[in-house]
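# Report on the structure
This is what each chain is made of:
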There are 2 protein chains.
Amino acid sequence: MMRWVLWGALLMLAACAGSTEGASERQKEAAQMQEQEKADYAIVIHGGAGTILRENMTPEREKAYRDALNAALDVGEQILQEGGSSADAVEQTIIFMENSPLFNAGKGAVFTSEGKNELDAAFMSGNDLNAGAVGGLTNVKNPIRAARAVMEKSKHVLLTGQGAERFATEQGLDTVPADYFYTEDRWNALQRALQKENQGTGALLPADYKYGTVGCVALDKAGNITAGTSTGGMTNKRYNRFGDVPVIGAGTYANNATCGVSCTGHGEYFIRYAVAHDLNALMAYKGWPLDKAANHIIFEKLKPAGGGGGLIALDAYGNVTMPFNTAGMYRGYAKPGEREVGIFGEE
Amino acid sequence: MMRWVLWGALLMLAACAGSTEGASERQKEAAQMQEQEKADYAIVIHGGAGTILRENMTPEREKAYRDALNAALDVGEQILQEGGSSADAVEQTIIFMENSPLFNAGKGAVFTSEGKNELDAAFMSGNDLNAGAVGGLTNVKNPIRAARAVMEKSKHVLLTGQGAERFATEQGLDTVPADYFYTEDRWNALQRALQKENQGTGALLPADYKYGTVGCVALDKAGNITAGTSTGGMTNKRYNRFGDVPVIGAGTYANNATCGVSCTGHGEYFIRYAVAHDLNALMAYKGWPLDKAANHIIFEKLKPAGGGGGLIALDAYGNVTMPFNTAGMYRGYAKPGEREVGIFGEE
């Protein structure tokens, strides 16, 4: 494991410490960063945030989620342990979560108001700030593969709708019939949403709302950070609405010099606050450490504005953060000798 | 005209001055800001950037552009002079430019590789960070009106394709047949692009490429900043590609506490660098003045990366900036007693 002390010092020099903070706090933060060693690798995931309460969850269902989160981390951690790239780790981990019906992405995607599934995904490389995103896919099995293909095989960043599907098909990605995305749980959730709407109690966001998304950020042995996000969007969404997932800078961002981040929550707020880029900016321009910057955005900016959700992120040293202002967030991380998965707020 | 000295001082306190800069420079900047008075109103526009050279332009065509830029400024300035909102000024100014065949937005939109027109627009209010955007419209006469309607009449931020058109129709916006967007110039530009492509010399971005977009940012008497952007995208674009225009934080952003901004250029780079939000972040977190922050992004970040383009922006005092790293940019601004329009680099 190499010492990245010099880089830490350079990062602090390049960054700018807030003039409203005491000099002693800045010195403490600088000292902390200079003392850090880069973790050999690190990976962090989320499976959506929302009103996820222990009392509403059976032990069987809770176990199914914890098992799925651990299995997803296994996929990415093995790639990283063997010296694979963070891009491969993020793609394969998200494919695993897309293929699970437990999460609102790929196979478990929610339904639009018209009873369809429209899937969005994004992928970004912190090494060169290259990025790819897709919005409104209906027949691509793994949207995260399409987002990575846009980044690597096109001159564009954001492809949408039938055009994005044509691109994905040309790239040889697997397509599926529309009923592949059908799951009874999600269909029933749409029926409940439509019923509430017809009764005039139709808040777009019922009390038990979950902001379903999956995301993964990884740091590989070479020091490259990659971030990815994939979602089926909001139950009962209309008008080919895109949330924050295909919007680079809102739901997803990565820069080796600062951090990689994937968000989950009420997408409109994450767009308006450019959350993923803002985390990078607070680190780059104020010199704030990852944890402080992430907590500031989730609790001091989004929460007062009514923007429910959370984020996962890691920095160049492998420090990990997973803050959320909702009751729960499916989440987990792994690095050498460390592993944690969580669902509820009090864990 | 009221003194906003106190607000200036507070802004400086809230902001953070870069620790890598000398204290004397920070003090100078702080003193400059504290001395500033807020302009009664201000408006700034662009009509696209690119390889716009005096030697390729007839005097008649140059005059047509200068007249159109002045007429567009007239529209917005009158609204602001009469105490109207920056939202109305931005919307009406952009409608004027969309209706002109000179600019790549609305009536003058470029063609996709399939010979269609797909229009994008964004609108953002610096007062409450509310925002609206549309992508891939084919039949809405004025996409900027659709973007504002998404902001004001929906719970969403980004609507796309046929869904966005359905929303616009429900809002009573004017629709037009596809041939409304036909102009001979743009059709010929597509034929040239396709021909080059077939000859294998088909760079996506020929030497005479113009990043066509229109944008407007305004500050009204009440101190509210609004930003808007509208475009037909790239000639010969494929796969329902979206550029930076519908991506809030990339091509458009507004925050009364910092600035409003509208970008024009190679959209993929503006997305990857989250340019519009980055300008806000440099001002908020480093305490940099508008001009310094805007020049840094255009010349120190985008230009070395190969991202051609420019931006227009103004801050809470009505300071205006219009930097670009291309040969030219159609641009102009107006505030009480001041007016300037420009096209080429040396002006």
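These remarks concern the structure in this document. (Residues numbered from 1 in each chain as written. Chains lettered and ligands numbered in written order. Predicted model: local features only at pLDDT ≥ 70, side-chain atom pairs only at ≥ 80, totals over all residues. Heavy atoms only, no water.)

### Considering the pairing of strand β6 (residues 214-219) of chain B
Residues and elements named next belong to chain B. Burial analysis of β6 places six of its six residues in the buried class, which makes it a mostly covered element. Covered by surrounding structure in β6 are Val214, Cys216 and Ala218 together with Gly215, Val217 and Leu219, the residues of both alternating faces. Looking at chain direction, strand β1 (residues 42-50) and β6 are connected through five bridges and run antiparallel. Paired with isoleucine 45 across the strands is cysteine 216, a residue of β6. Both β6 and strand β7 (residues 225-231) contribute to a ladder of six bridges, which runs antiparallel. (Buried < 20%, exposed > 50% of the residue type's maximum accessible area, 1.4 Å probe, protein only. Helix = DSSP H or I, 4+ residues; strand = E, 2+ residues; numbered from the N terminus. Pairing = 2+ DSSP bridges.)

### Structural notes on helix α10 (residues 290-305) of chain B
Residues and elements named next belong to chain B. Helix length check: α10 (16 residues) gives 22 Å between terminal C-alpha atoms against 22 Å at 1.5 Å per residue, within 8%. At histidine 296, α10 is bent by approximately 25°, the largest bend along its length. Of all the residues in α10, the buried ones are Leu290, Ala293, Ala294, Ile297, Ile298 and Leu302. Looking at the packing, one finds that the buried side of α10 touches β10 (259-265), α8 (267-272), α9 (275-286), β11 (309-315) and β12 (320-321). Just downstream of α10, glycine 306 is the residue with a positive phi angle, here 90°. (Expected span 1.5 Å × (residues − 1). Bend = angle between axes of the 7 residues up to and from the residue. Contact = heavy atoms within 4.5 Å.)

### Concerning the relation of the copies chain B and chain A
The operation relating chain B to chain A is a screw motion whose rotation component is 180°, with 0.0 Å of axial translation and a residual RMSD of 0.0 Å. Accordingly, the operation relating the two chain copies is best matched by a two-fold axis. (Least-squares fit on C-alpha atoms with pLDDT ≥ 70 in both.)

### Some remarks on the sheet that holds strand β12 (residues 320-321) of chain A
All names here are of chain A. The four strands lie next to each other as β9-β10-β11-β12, forming an open sheet whose pairing is antiparallel. Only two strands of the sheet have a single partner each, and these edge strands are β9 (252-254) and β12. Of the pairings in the sheet, the one linking β9 to strand β10 (residues 259-265) comprises three bridges and is antiparallel in character. Its bridge partner lying in β10, threonine 252 is registered against serine 262. Running over the sheet, helix α10 (residues 290-305) touches β10, β11 (309-315) and β12 and is turned about 165° from β11. (Axes fitted to C-alpha atoms, helices over the stretch in contact; angles between N-to-C directions.)

### Some points on the side chain of asparagine 325 of chain B
All names here are of chain B. With respect to the helices and strands, asparagine 325 occurs in the loop between β12 and β13 (328-335). You can call asparagine 325 buried: its relative accessible area is 15%. Within the local environment of asparagine 325, its side chain forms a polar contact with the backbone oxygen of glycine 307, the two atoms lying 3.1 Å apart. One polar contact links the side chain of asparagine 325 to the main-chain amide nitrogen of glycine 309, over a distance of 2.9 Å. The residues contacting asparagine 325, other than those within four sequence positions of it, are Ile298, Phe299, Leu302, Lys303, Gly307, Gly308 and Gly309. (Polar contact = N/O pair within 3.5 Å; in protein donor to acceptor, adjacent residues only side chain to side chain.)

### Some thoughts on the nonpolar core
Counting residues in each nonpolar core, the largest one holds 100 residues, and the members touching the most others are Leu279 and Leu311 of chain A together with Leu279 and Leu311 of chain B. With residues near it in sequence (within four places) discarded, leucine 311 of chain B still touches Val261, Ser262, Cys263, Val275, Leu279, Ala294, Ile298, Thr321, Met322, Pro323 and Met329 of chain B. (Core = buried A, V, L, I, M, F, W, Y, C linked by side-chain atoms within 4.5 Å.)

### Things to note about the environment of methionine 329 of chain B
If you trace the backbone, methionine 329 of chain B turns up in strand β13. Between the C-alpha atoms of methionine 329 of chain B and asparagine 236 of chain B, which are 93 residues apart in sequence, the distance is 21 Å.

### So, the state of the cysteines
Residues and elements named next belong to chain A. Overall, the coordinates contain zero disulfides over all chains when judged by the stated rule. Lacking any disulfide linkage, cysteine 259 is separated from the closest cysteine sulfur, that of cysteine 263, by 9.6 Å. The exposure class assigned to cysteine 259 is buried, which follows from its relative accessible area of 0%. (Disulfide = S-S within 2.5 Å.)

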